[in-house]
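Descriptive analysis of the structure
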Amino acid sequence: MVATSSPRQPLHLLVIAASDEAMERLLPILAESDKACKFHRVDSAAGLRNALGEQPWDAALYLPGVAALSLPAAVREIDGFGMDLPVILVAGPGDQPAMQPAMKAGARDVIDADRLERLIPAVEREVREARHRADHRAALEMLNESQARFDALASNLPGMLFHLRRDAEGGFRFLFVSEGCQKLFGFKQQHLLASANKLFDAFDADKRKSLEHALLESAAKGTLLNWEGHTKGRTRQKWINLRSTPYRFDSGVVEWRGIATNVTESKESEAELRRSRQQLAELSTHLEAVKEEERERISRDIHDELGSILVFLKIEAAHLASKLPEGTGRLREKAHSIEHLLDQAMSTASRVARELRPGILKEFGLPAAIECQAEDFTQRFGIPCRVQCDEDAIEPEPDTSLALFRIAQEALTNVAKHAHASLVVMRLRRERGNILLEIRDNGRGISEVDMQKPKSFGLRGIRERVLSLAGEFSIEPAEHGGTHIVLRVPERAGVEPPSEEELQRNLF
């Protein structure tokens, strides 16, 4: 039986009544309503259960007189399905004594049968409230699920989530800390929530001051808080990293929601890496020193012993040529050819000796040694090499001079091997307490791939030499093609070059 008076979405009503005749008095009210109503009558517990399982219902109307199903029993059946289905009792004049027990049994409202005009408004009100309760339960379930998810994430993070507030007077207070507090700092969450000083007390005086300064700077500038410091302790100290973005309120209150993590292992790895790097640098320096000593010994042997032998052979060959009798023209040609070969051998021995250990570096300084190296490069490979020295009196320490000479030597070797250049320009000058060496060629240039090749030991050697001198090194494509190498090293080891501000102050 269906009554419809409007195309609006109808109300689905479940009517618990003994017979169709018992609910006939409701039909005029339902028909006159501007709300379409669809209803279904049941008169037993089994019928109620079947109806509840078939489709959702908006409300249930209970008419007294159902012998097979009392109101409390009907409410129990509905509750057993886990439904929030409002039950409204439609009571007649003789049913007044049953009203109070009905409300106790779970009825949402009682409508007097003589005032049925209140039925539809009451049903609509109860339907709205039921839907509000359903929305509230859904929101609460979502909130609980979100909270459970957050708790699971927070408990499994390798650190401590925190919510820190700084009030307008400058006091700090934790609004939330996760379970990682115990593992990170050694005290429980409630201790940190009770007093934010527990956090600051975990560090020594210097680190505490550094943390307070970092928080104040983050609050004042609105910048990311990214602070690291180690805790107090006689044994192994923990390195803690605090990271958060601040949020500032109009009242002056600042809040940080972030994470504190234990970065001890990474710090120790960094320290170990630095120590390893330092040891490798020391080993590299030692090997370079040993190599230079060996080069010097070989250079001395070539210059002194091999050179003297070649000179003696040259004298003997000349003396032999002068003693040849007339008419031995071919023998004289052979003798002169031997003299020419001996000249070439002497020149080669002299060049090799200079490359191994340039005596000119000690005697005349770095500019002269680089110019001599450029001349040898031009003669050997036929590539013009120009050298510009802004000052002739550039005299860095011996180790620095030797390193710069070797760098120039390696750079010219790379140009000869790979650049396909037709011109090389080298410039040596002073710049604010540093020695600046620039090497530029007009060859094919260098790419990032070239610099990352596994066997690019020449560039690595240059970089290592510069690092050992606490200098800077860059290599990049030149503006108009080719390669541009720039290296800058302190003129005196252990002496910081003056800053721009000091230079201006000294100038005036």
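Note: the structure precedes this text.
These remarks concern the structure in this document. The structure presented is a predicted model; accordingly, all values stated were derived computationally and were not measured.

We now examine helix 3 (residues 71–80). Of all the positions in helix 3, only Leu71, Ala73, Ala74, Val75, Glu77 and Ile78 are classed as buried. Just downstream of helix 3 lies Gly82, where phi reads positive at about 70°.

Turning to the pairing of strand 13 (residues 424–431), a few remarks are in order. Direction of pairing for strand 12 (residues 385–389) relative to strand 13: parallel, over a ladder of five bridges. When the sheet's bridge partners are listed, Gln388 is paired in strand 13 with Arg427. Strand direction decides the pairing type here: strand 13 and strand 14 (residues 434–441), joined by eight bridges, are antiparallel. Looking at strand 14, one finds that Val425 is bridged to Arg440. In sequence, strand 13 turns back onto strand 14 through a hairpin of two residues, with Arg432 there showing a positive phi of about 55°.

Take the sheet that holds strand 7 (residues 159–166) next. On the basis of which strands lie adjacent, the open sheet formed by five strands has the order 8-7-11-10-9 and antiparallel pairing. Each edge of the sheet is formed by a strand with only one pairing partner; in this case those strands are strand 8 (172–177) and strand 9 (225–230). In this sheet, adjacent strand axes meet at a mean angle of 25° when their direction is disregarded. Here strand 7 runs beside strand 11 (residues 254–262); their pairing, made up of eight bridges, is antiparallel.

Here we have five strands laid out as an open sheet, ordered 12-13-14-16-15, and mixed in their pairing. The open sheet has two free edges, formed respectively by strand 12 and strand 15 (472–477), since each of these has just one partner strand. Between one strand axis and the next, the sheet turns by 10° as a mean value, whatever way the strands run. Packing of helix 13 (residues 366–381) onto the sheet brings it into contact with strand 12, strand 13 and strand 14, and relative to strand 12 it is tilted by some 170°. Sheet strands in contact with helix 14 (residues 398–419) are strand 12, strand 13, strand 14 and strand 16 (483–490), and its direction is about 10° off that of strand 14.

Okay, the side chain of Glu339 next. Relative to the elements of secondary structure, Glu339 occurs in helix 11 (residues 329–356). The side chain of Glu339 is buried and forms no salt bridge, while Lys314, the nearest opposite charge, is found at 4.9 Å. For Glu339, the residues in contact, after removing those within four places along its chain, are Lys314, Ala317, Ala318 and Ala321.

The phi dihedral of Arg432 falls on the positive side, at around 55°, and the residue is not glycine. Along the chain, the position of Arg432 falls in the loop between strand 13 and strand 14. Despite not being glycine, Ala470 has its phi angle at roughly 60°, a positive value. By relative accessible area, which is 63% here, Ala470 ends up exposed.

Turning to the packing of aromatic side chains, a few remarks are in order. Taken as a whole and assessed by the stated rule, the structure comprises eight aromatic pairs. With centroids separated by 5.1 Å and ring planes inclined at 90°, the aromatic side chains of Phe203 and Trp227 adopt a geometry described as edge-to-face. With Phe203 in the loop between helix 8 (197–201) and helix 9 (205–221) and Trp227 in strand 9, the pair connects residues that are 24 residues apart, well separated along the chain. We note that Phe203, like Trp227, is buried. Ring plane angle 80° and centroid distance 4.8 Å describe the contact between Tyr247 and Phe249, whose orientation is recorded as edge-to-face. Relative accessible area serves as the criterion here: at 47%, Tyr247 is assigned to the partly exposed category. On the basis of relative accessibility, which here comes to 31%, the residue Phe249 falls in the partly exposed class. Members of the aromatic cluster, connected to one another through ring pairs, are Phe185, Phe187, Phe203 and Trp227. Over the ring of Phe187 we find Lys198; its NZ or CZ atom is 4.8 Å from the centre of that ring. Lys267 extends its terminal NZ or CZ atom over the ring of Trp239, reaching a point 4.9 Å from the ring centre.

With that settled, consider the environment of Ala411. Its location among the elements puts Ala411 in helix 14. Residue classification places Ala411 among the buried positions, given a relative accessible area of 3%. On a C-alpha basis, the gap between Ala411 and Ile439 in space is 7.7 Å, while along the polypeptide they are 28 residues apart. In contact with Ala411, other than residues within four places in its own chain, are Ile439, Ile462 and Ile485.

Right, let's get into the pattern of salt bridges. A full pass over the atoms with the stated rule returns 25 salt bridges. A salt bridge links Asp84 to Arg108, with the shortest nitrogen-to-oxygen separation between them at 3.8 Å. One end of the pair, Asp84, is in the loop between helix 3 and strand 5 (87–91); the other, Arg108, is in the loop between helix 4 (99–105) and strand 6 (109–112), with 24 residues separating them in the sequence. On the basis of relative accessible area, Asp84 is assigned to the partly exposed category, the value being 24%. The partly exposed category is assigned to Arg108, whose relative accessible area is 38%. For Arg125, the salt bridge identified is with Glu126, shortest N-O distance 3.3 Å. Judged by its relative accessible area of 4%, Glu126 is buried. What emerges from the salt-bridge pattern is a single network uniting Arg429, Glu431, Glu438, Glu472 and Arg488.

What counts, and where the lines are drawn
- Residues numbered from 1 in each chain as written.
- Predicted model: local features only at pLDDT ≥ 70, side-chain atom pairs only at ≥ 80, totals over all residues.
- Heavy atoms only, no water.
- Buried < 20%, exposed > 50% of the residue type's maximum accessible area, 1.4 Å probe, protein only.
- Helix = DSSP H or I, 4+ residues; strand = E, 2+ residues; numbered from the N terminus.
- Pairing = 2+ DSSP bridges.
- Axes fitted to C-alpha atoms, helices over the stretch in contact; angles between N-to-C directions.
- Contact = heavy atoms within 4.5 Å.
- Lys, Arg positive; Asp, Glu negative; His and termini not counted.
- Salt bridge = Lys/Arg side-chain N within 4 Å of Asp/Glu carboxyl O.
- Phe/Tyr/Trp six-rings, centres within 6.5 Å; stacked < 30°, edge-to-face > 60°.
- Lys NZ or Arg CZ within 6 Å of the ring centre and 35° of its normal.

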